[in-house]
Amino acid sequence: MTPRPQGRDLAELSSASVVEEVRGRDVVWPIGATEQHGPHLPLSVDTVLAEAFAGRIAHELGGFTVPAQSIAARSLPQSGGGLAFPGTLYAGGETVIRFLRETAQSMTRLPFGRLIVVNGHFENEPFIFEALDGLCRHGSAEGKEIIAFSWWSLVEDSWLRDQVPGFPGWHAEHAGLTETSLMLHLRPDLVSDLRPDHDRPPRAGVYLHPVDVARSTNQGVLSSTSGSSAALGERLFEHIVSQAISLVREGEGLLRSNDRPAAGGGNVRQES
Ligand SMILES: [Zn+2]
C-alpha cells in the first residue's frame, strides 16, 4: 500500500531547527479520544481519524502536525455510549480545558503562522473552544491565527443528503455508518465484521441518569452501521479535506453554504 500523504511531524525536528522550520507555517494539532466504539472498532477511532485529517491537511498546506492528544473528555450516554463500556479513558472537563490551554500556550512560543486544531471526539468540542478562547483572552495568541473544528462540522448538508440517507445526526453517528466507513478506508486492519445496527438512535441534547445502555445503544453502537464501506469512507474523507482546505485558505465554509452572501458582500474574510 502506498503511504498516505502526511504533513511533517513537528516532533521529529530537532530543537536546533524547529524555530526556522515552522516560521510562518501552519501547525495542525489532532485531538481525539480513547473511547469505546462498539465491538467492531478500536478504542482509538477518534484519534485515528483526527490524526488522518490533520496529517493530510498539513500535507496540503505544506505545514506540520504536532503529536495527537489521545485522552480527552469523557464519553456521554447520548453521544459516545457512556462510561458503562470498558476501555474509555478520560479526564474531567476542567482538567481537559486547562491541559489544552497550557499545551497550546507552549506551542505559541514557536513562530508558526496558523494553529489548526482538528477534533475527532464529540464531547471534546466545547472544551477545546473554551481552552482556545482562554488562550486568546490571555493574550498568548497575539499575532497568531487559530482555527479549530470537529471534522464532522465541515460536512455539507447537501453531501449528507446525497450520500447518507436517513442520517441520524452527528451525536448518534457514534461507531455508526460514517466512522465505520472512514475506518474501513483508513485502517481496515482495525475493523471487524461484527457490525451491529441500532435502529433507535438517541436524541441529541438530552442527558439521562440512570441510562439503560442495552436500550440506548446496541453494544455501544448508537446508530446504523449498515451500508458502511471503504468507498464511502474515502468520499467522506476527501470531502472533508477539501472543505477544510477552503476553510483555512479562503475562509470559505465559515458560513453555511445557503447563507453565504453573494461574492464581494458580507462578512466572509477576504484574502489580503
Ligand atoms: Zn468516535
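Reading guide: rules and limits
Residues numbered from 1 in each chain as written. Predicted model: local features only at pLDDT ≥ 70, side-chain atom pairs only at ≥ 80, totals over all residues. Heavy atoms only, no water. Donors = N, O, S within 2.8 Å, 3.2 Å for Na, K, Ca; no water. Helix = DSSP H or I, 4+ residues; strand = E, 2+ residues; numbered from the N terminus. Buried < 20%, exposed > 50% of the residue type's maximum accessible area, 1.4 Å probe, protein only. Phe/Tyr/Trp six-rings, centres within 6.5 Å; stacked < 30°, edge-to-face > 60°. Axes fitted to C-alpha atoms, helices over the stretch in contact; angles between N-to-C directions. Parallel < 35°, antiparallel > 145°, perpendicular 65-115°, else oblique. Left-handed = near helix turned anticlockwise from the far one by under 90°. Contact = heavy atoms within 4.5 Å. Nonpolar A, V, L, I, M, F, W, Y, C, P; charged D, E, K, R; others polar. Pairing = 2+ DSSP bridges. Right-handed = clockwise from strand over helix to strand, strands pointing away. Expected span 1.5 Å × (residues − 1).

1. A look at the coordination of the zinc ion
Here's step 1: Surrounding the zinc ion are the protein donor atoms H37 (NE2), D46 (OD) and E179 (OE), which sit 1.9 to 2.1 Å from the metal.
Here's step 2: All donor residues of the zinc ion come from one chain, and their arrangement in sequence is H-x8-D-x132-E. In this pair, H37 is assigned in the loop between β2 (26–31) and α2 (45–61) and E179 in helix α6 (residues 177–186), connecting sequence segments 142 residues apart. For the pair H37 and E179, a shared accessibility class is recorded, and that class is buried.

2. Structural notes on the packing of aromatic side chains
Here's step 1: In the structure shown here, the tally under the stated rule is six aromatic pairs.
Here's step 2: Pairing W151 with W152 gives two aromatic rings, centres 5.4 Å apart and planes at 80°, and the pair type is edge-to-face.
Here's step 3: On the basis of relative accessible area, W151 is assigned to the buried category, the value being 1%.
Here's step 4: By relative accessible area, W152 is classed as buried at 9%.
Here's step 5: Summarising the aromatic geometry, the rings of W151 and W170 are spaced 5.6 Å apart at their centres and angled 80° between planes, so their arrangement reads as edge-to-face. Of the two residues, W151 is situated in the loop between β5 (145–150) and α5 (157–163) and W170 in the loop between α5 and α6; the sequence distance between them amounts to 19 residues. Side by side, W151 and W170 carry an identical accessibility label, which is buried.

3. Here's the deal with the environment of E102
Here's step 1: Structurally, E102 is set in helix α3 (residues 93–107).
Here's step 2: On the basis of relative accessible area, E102 is assigned to the partly exposed category, the value being 39%.
Here's step 3: Considered as a pair, E102 and A244 are 142 residues apart in the sequence and their alpha carbons are 25 Å apart.

4. A look at the packing of α2 against helix α8 (residues 230–250)
Here's step 1: Where α2 meets α8, the closest approach of the two axes is 10 Å, and the angle between their N-to-C directions is 50°. With respect to their mutual orientation, α2 and α8 come out oblique. The way α2 lies across α8 gives a crossing that is right-handed. Here A52, F53, R56, I57, E60 and L61 of α2 come into contact with α8, specifically with F237, E238, I240, V241, A244, I245, V248 and R249.
Here's step 2: For the contact of α2 with α8, a count of residues per class yields 10 nonpolar, no polar and four charged.

5. Concerning the pairing of β5
Here's step 1: Of the pairings in the sheet, the one linking strand β4 (residues 114–119) to β5 comprises six bridges and is parallel in character. Considered in β5, the bridge of I116 is made with I147.
Here's step 2: Assessed by its sense of winding, the connection that carries the chain from β4 through helix α4 (residues 125–137) to β5 is right-handed.

6. What about the pairing of β4?
Here's step 1: Along β4, six of the six residues are buried, which leaves the element largely enclosed by surrounding structure.
Here's step 2: Side chains R114, I116 and V118 of β4 all project onto a buried face; the interleaved residues L115, V117 and N119 project onto the opposite face, where all are buried too.

7. A word on the sheet that holds β4
Here's step 1: Pairing is parallel in the open sheet, where five strands are placed in the order β1-β3-β2-β4-β5. Edge positions in the sheet fall to β1 (8–9) and β5, since each of these pairs with one other strand and no more.
Here's step 2: By the bridge criterion, two bridges tie β1 to strand β3 (residues 64–65) in an arrangement that is parallel. Residue pairing across strands places D9 opposite T65, the latter belonging to β3.
Here's step 3: Of the strands in this sheet, β2 and β4 are in contact with α3, which crosses β2 at around 160°.

8. Quick word on α8
Here's step 1: Between its first and last C-alpha, α8 extends 30 Å over 21 residues, near the 30 Å set by a 1.5 Å rise per residue.
Here's step 2: Considered for burial, the residues of α8 that qualify are L232, G233, L236, F237, H239, I240, V241, Q243, A244, I245, L247 and V248.
Here's step 3: Elements in contact with the buried residues of α8: α2, β4, β5, α5 and α6.
Here's step 4: Within two residues after α8, G251 carries a phi angle of roughly 75°, on the positive side.

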